[in-house]
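Structural overview
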Amino acid sequence: MRATDWPAARGLLIDRRRLLGVLAATGAAVRPGAPNAACRAPSLAALAAEKGLMFGMALTREQVREAPPLVAVALAQAAMLVPGNELKWVRAEPEPGQFDFADADALVDLAHAHGLLSRGHALVWHEALPAWMGPGLTRAEAGAALSRHIKTLCSRYAGRMHSWDVVNEAIEPSGAGPLRRTPFLAALGEDYIARAFALAAEADPDAILTLNEYDLERDTEWQARRRAAMLDLLNRLVRRRVPVRALGVQGHLDPAKGRFDPEVFRGFIRAVASLGLSVFITELDITDRTLPGAVVARDRAAAEETRAYLAAALAEPAVRLVVTWGVSDAYSWVDGNPRTRRTDGLTSRPHLYDAAFRPKPLRAAVAEALRSAPARGIAR
Ligand code: XIL
């Protein structure tokens, strides 16, 4: 694609001089023209690239508006940005057939203007749905809505998305049944998944189409059921030649959910790889609700948990991409959710950078895991 094909970097939000000022203030050796390579220590993107991996970060328009230092960190550390909320259904198509891309465009343009890739999240999800997309849709209505939504989003960003989360969190939460009951399943049956992938592939043949899911890594019975359900689903899709190319493992780590056995996780990744699929870690962060309150001990435990997790994942050559679900503890979904926030009233510390945008032990753990990872072929 030629640079001139790109829409003007409208609403670019980050004034370049302001950004360079922020980088200088945080001690980065600023080299104008190359903010992504502007840190004294190698960036996480650079460490990943050395191993044929890609490293990205999710961020939101709100964060870009409010926190220039957060943006400076993301642009300096990541090779890919992921709009955290802006492409979800209720944001992108709040009314039937009425689309709003202002916020998503701003983030995709920001990434492009700094030479970073973008990834799309998420076309079909049971959360963040507008009320009109709720239960009670007829088969025809649901099919038409799915088609319009996916075609519009994928063709708008065609050629600009490294990958798309086409269906997010499709597995039944407890693992007791194969698929989660959603308005899409109710109206269209399991075929909604194949349809969503086919529509996305038609509109953007170059994006790596991904099925994204959580709670797949721990050595517990219920997560084992979820892994089995996921493998069954992937098998059915691959056998039907549905254009799914990668499994996104969200990687919201939560030690409270049970033991982590690296061999169990690696075995699962190998099973996915044997279907010809890549594996992406798409939403890495840590819920520290059962870790100690004291910051030093908590950060150490969180760092070790994350290092062990990534060491296991990155030992598998099928894993090509690691994305953190945020940048700084100043903004985290973990505290906004009663199931994930701490019960002692302390603020969670799920991210690589603290609330003042300084690197934490978690950042060092991710760097260490990337440094120790075996090299693989060129990542896409
Ligand atoms: C979260 C966002 O980070 C929050 O800002 C929002 O309020 C709720 O959604 N799994 C996903 C993400 O796939 O889309 C969710 O993101 C976190 C869990």
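Our subject is the structure that appears above.
Here goes a summary of the coordinates provided. Just so we're clear, the structure is a prediction, and the values are computed from it rather than from any experiment.

**Topic: unusual backbone geometry**
Here the residue pair His121 and Ala122 is connected by a cis peptide bond, since its omega of -5° sits within 30 degrees of zero. By the secondary structure assignment, Ala122 is in strand 3 (residues 117–124). Positive phi is not limited to glycine here, since Glu169 has a value of about 60°. You can call Glu169 buried: its relative accessible area is 9%. Positive phi is not limited to glycine here, since Arg241 has a value of about 60°. If you trace the backbone, Arg241 turns up in the loop between helix 10 (221–239) and strand 6 (246–249). Since its relative accessible area comes to 75%, Arg241 is described here as exposed.

**Focus on the site of the ligand**
Within the structure, the ligand sits among Asn85, Lys88, His121, Trp125, Asn168, Glu169, Gln250, His252, Glu283, Trp325 and Trp333. For the ligand, an oxygen atom lies 2.9 Å from a polar atom in the side chain of Asn168. The protein chains hide 71% of the 410 Å² of surface that the ligand would expose on its own. Its residues placed into classes, the shell around the ligand shows three nonpolar, five polar and three charged.

**Digging into the packing of helix 7 (residues 139–156) against helix 9 (residues 191–203)**
As a packed pair, helix 7 and helix 9 sit with axes 8 Å apart at the nearest point and diverge in direction by 30°. When you trace helix 7 past helix 9, the crossing you get is right-handed. Contacts between helix 7 and helix 9 involve Arg139, Gly143, Leu146, Ser147, Ile150, Lys151, Cys154 and Ser155 from the first element and Tyr192, Arg195, Ala196, Leu199, Ala200 and Ala203 from the second. Of the residues in the contact of helix 7 with helix 9, the class split is eight nonpolar, three polar and three charged.

**Here's the deal with helix 11 (residues 262–273)**
Across its 12 residues, helix 11 extends 16 Å between first and last C-alpha, which sits within 8% of the 16 Å expected from 1.5 Å per residue. All buried positions along helix 11 are accounted for by Phe265, Phe268, Ile269 and Val272. Across the axial projection of helix 11, the buried residues extend over an arc of 100°, all falling on one side. Structurally, helix 11 contributes buried residues whose contacts are with helix 10, strand 6, strand 8 (278–286), helix 12 (295–314) and strand 9 (319–324). For helix 11, the N-terminal capping position is held by Asp261, with its side-chain oxygen 2.8 Å away from the main-chain nitrogen of Glu263.

**Some thoughts on the pairing of strand 5 (residues 208–213)**
Most of strand 5 is tucked away, with six of its six residues classed as buried. The sheet contact formed by strand 4 (residues 161–168) and strand 5 spans five bridges and is parallel. Bridging from a neighbouring strand, Asn168 pairs with Asn212 of strand 5. As defined by bridge partners, strand 5 adjoins strand 6 across four bridges and the pair is classed as parallel. Across the sheet, Thr210 pairs through a bridge with Ala246, a residue of strand 6. At this point the chain moves from strand 5, through helix 10, to the parallel strand 6, and the crossover so formed is right-handed.

**Points about the pairing of strand 9**
Strand 9 sits mainly inside the fold: six of its six residues count as buried. In this structure, strand 1 (residues 54–59) lies alongside strand 9, joined through four bridges in parallel fashion. When the sheet's bridge partners are listed, Met57 is paired in strand 9 with Thr324. Pairing between strand 8 and strand 9: four bridges, direction parallel. Note on strand 9: the bridge partner recorded for Phe280 is Leu321. At this point the chain moves from strand 8, through helix 12, to the parallel strand 9, and the crossover so formed is right-handed.

What counts as what
Residues numbered from 1 in each chain as written. Predicted model: local features only at pLDDT ≥ 70, side-chain atom pairs only at ≥ 80, totals over all residues. Heavy atoms only, no water. Helix = DSSP H or I, 4+ residues; strand = E, 2+ residues; numbered from the N terminus. Buried < 20%, exposed > 50% of the residue type's maximum accessible area, 1.4 Å probe, protein only. Near = heavy atom within 4 Å. Polar contact = N/O pair within 3.5 Å; in protein donor to acceptor, adjacent residues only side chain to side chain. Areas by Shrake-Rupley, 256 points an atom, 1.4 Å probe, with all protein chains shown as cover. Nonpolar A, V, L, I, M, F, W, Y, C, P; charged D, E, K, R; others polar. Axes fitted to C-alpha atoms, helices over the stretch in contact; angles between N-to-C directions. Left-handed = near helix turned anticlockwise from the far one by under 90°. Contact = heavy atoms within 4.5 Å. Expected span 1.5 Å × (residues − 1). Arc of directions from axis to C-beta. Pairing = 2+ DSSP bridges. Right-handed = clockwise from strand over helix to strand, strands pointing away.

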